[in-house]
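Residue-level structural notes
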Amino acid sequence: MRTLSLRRSAATLATALVATLAVALLPATAALALPSGAGWSASWSYYQPNAYQYSGTLPGVRLTGYATDNAGTSATLGTIEDTAADGRCARVMLYAYGVGYIADRTTCGNGSYLTYNTVSYDQGLLVIVYRMIDGTNTNDKGFYLFIPGSATDSELRTVGTGASWSYYTSTAYQYTVTRPGVRLIGYGVHQAGDLRSSLNTVEKTAVAKGACASGKVTGGTTVSGSTCLNGGTTSFHRNDHSYNLEASACYKTLLGTQRCLAVNIPEPW
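Each residue is numbered by its place in its chain's sequence as written, counting from 1. The predicted nature of this model means local features are confined to residues of pLDDT at least 70 and side-chain atom pairs, given and counted, to a pLDDT of 80 or more, with totals for whole chains, interfaces and linings taken over all residues. Only hydrogens and water are set aside; all other atoms, that is, all heavy atoms of the structure, feed into the side-chain values.

Judged by side-chain polarity, Tyr47, Tyr66 and Leu77 come together as a nonpolar surface patch covering roughly 270 Å² of accessible area. Residue placement: Tyr66 occurs in strand β4 (residues 61-70). Think of it in three bands: residues with accessible area under 20% of the maximum for their type are buried, residues over 50% are exposed, and the middle band is partly exposed, with areas taken using a 1.4 Å probe on protein chains only. Overall, the relative accessible area of 37% leaves Tyr66 in the partly exposed class. To count toward a patch, a residue needs a relative accessible area above 30% and no salt bridge. Like charges then connect within 9 Å, nonpolar side chains (Val, Leu, Ile, Met, Phe, Trp, Tyr) within 5 Å. For every accessible area listed, the method is Shrake-Rupley and the probe measures 1.4 Å; residues are considered covered only by the protein chains on display. In the sections that follow, a salt bridge refers to a side-chain nitrogen of Lys or Arg positioned within 4 Å of a carboxyl oxygen of Asp or Glu. Numbering of helices and strands starts at the N terminus; helices are DSSP runs of H or I of at least 4 residues and strands are runs of E of at least 2.

Here we come to the sheet that holds strand β7 (residues 100-108). Across a sheet, strands are paired by hydrogen bonds formed along the backbone, either parallel or antiparallel in direction. With antiparallel pairing, the 4 strands of this open sheet are ordered in space as β7-β6-β9-β10. The sheet is open, and its two borders are formed by β7 and β10 (139-147), each paired with just one other strand. If you compare each strand with its neighbour and ignore which way they point, the axes differ by 15 degrees on average. Think of it this way: DSSP has to see at least two bridges between two strands before they count as a pair. Across 9 bridges, the pairing between strand β6 (residues 88-96) and strand β9 (residues 125-133) is antiparallel. Along β9, the bridge assignment pairs Tyr95 with Leu126. Every axis in this analysis is a line fitted to C-alpha atoms, fitted for helices over the stretch in contact. Angles between the N-to-C directions lie between 0 and 180 degrees.

As paired strands, β6 and β7 are joined by 8 bridges and run antiparallel to one another. Residue pairing across strands places Met93 opposite Asp104, the latter belonging to β7. Counting the residues in the hairpin turn of β6 and β7 gives 3 residues, including Gly98, whose phi is positive at 90 degrees.

Moving on to the packing of aromatic side chains. Working definition: rings of Phe, Tyr and Trp (its six-membered ring) pair if their centres are within 6.5 Å, and the pair is stacked with planes under 30 degrees apart, edge-to-face with planes over 60 apart, and tilted otherwise. Applying the stated criterion across every chain, the model contains 13 aromatic pairs. Each ring, one from Tyr95 and one from Tyr97, has its centre 5.3 Å from the other, and the planes form 90 degrees; the classification is edge-to-face. By relative accessible area, Tyr95 is classed as partly exposed at 28%. Taking the relative accessible area as the measure of exposure, Tyr97 reaches 34% and is therefore partly exposed. On the numbers, 5.5 Å between centres and 80 degrees between planes, the contact of Tyr97 with Phe146 is edge-to-face. Within this pair, whereas Tyr97 is found in the loop between β6 and β7, its partner Phe146 is found in strand β10, the two being separated by 49 residues in sequence. A residue is classified by how much of its surface remains accessible, and Phe146, at 33% relative accessible area, is partly exposed. Here the aromatic cluster, defined as three or more aromatic residues joined through ring pairs, consists of Trp40, Phe143, Trp165, Tyr167, Tyr173 and Tyr175. Charge over a ring is defined by NZ of Lys or CZ of Arg lying within 6 Å of the ring centre and within 35 degrees of the ring normal. One residue, Arg196, lies across the ring of Tyr173, its end atom 4.6 Å from the ring centre.

That's the geometry; what it means functionally is another story.
Quick look at the structure:
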């Protein structure tokens, strides 16, 4: 465990993390036969206390969306684009808990796009992104991104709260989860044998006596770490995860309820 200044940037934390534990990321053999994650990414975050943005990409697919959030009641609009001449189409489906499907758009042809503008909802939003085979109802790539509702967790509406993941090579990925009081930064590699690694640092970003920050990654196996030091960090890793991963960050004050935020990091296919 190391204690770092609260003002230390996420980039500095990431550099220190990689320098300390990079060996844990190295696969035993080259993962030549693994499905490529190149072009896969997703993120969401609050950029104002009453609004958040979200995005996602697959090869040949790009989604961009924005949502208002007025004390937990939201509505969203966005654009789904087909960005490649590859015989594939781009599709987005939005499912609002408590309401049902509120958008379903498919666009085909390089450079084509469709927009959507939804009814209101006051629970979580499930964003589903697919790459479709043109002329069929079959998808050949896809993932989902869950954005929780803030009606029962007003701290989510803090600017900067959110989560992201992306593949920066065909097999290596990075992810972040941030909510008030805690930040989780992680890296991983899809390895030969269809195993996945996670290399993580969780940071307590609040100054509060008796409060603790924790992080966890699950996917077949589980690894976790926590710190109660103001500005403190803890690093933890594991090399034998499998399938999709879930990374979560939690914060608990001395007498309060633990609040968590999670993101799914898909296995490409």
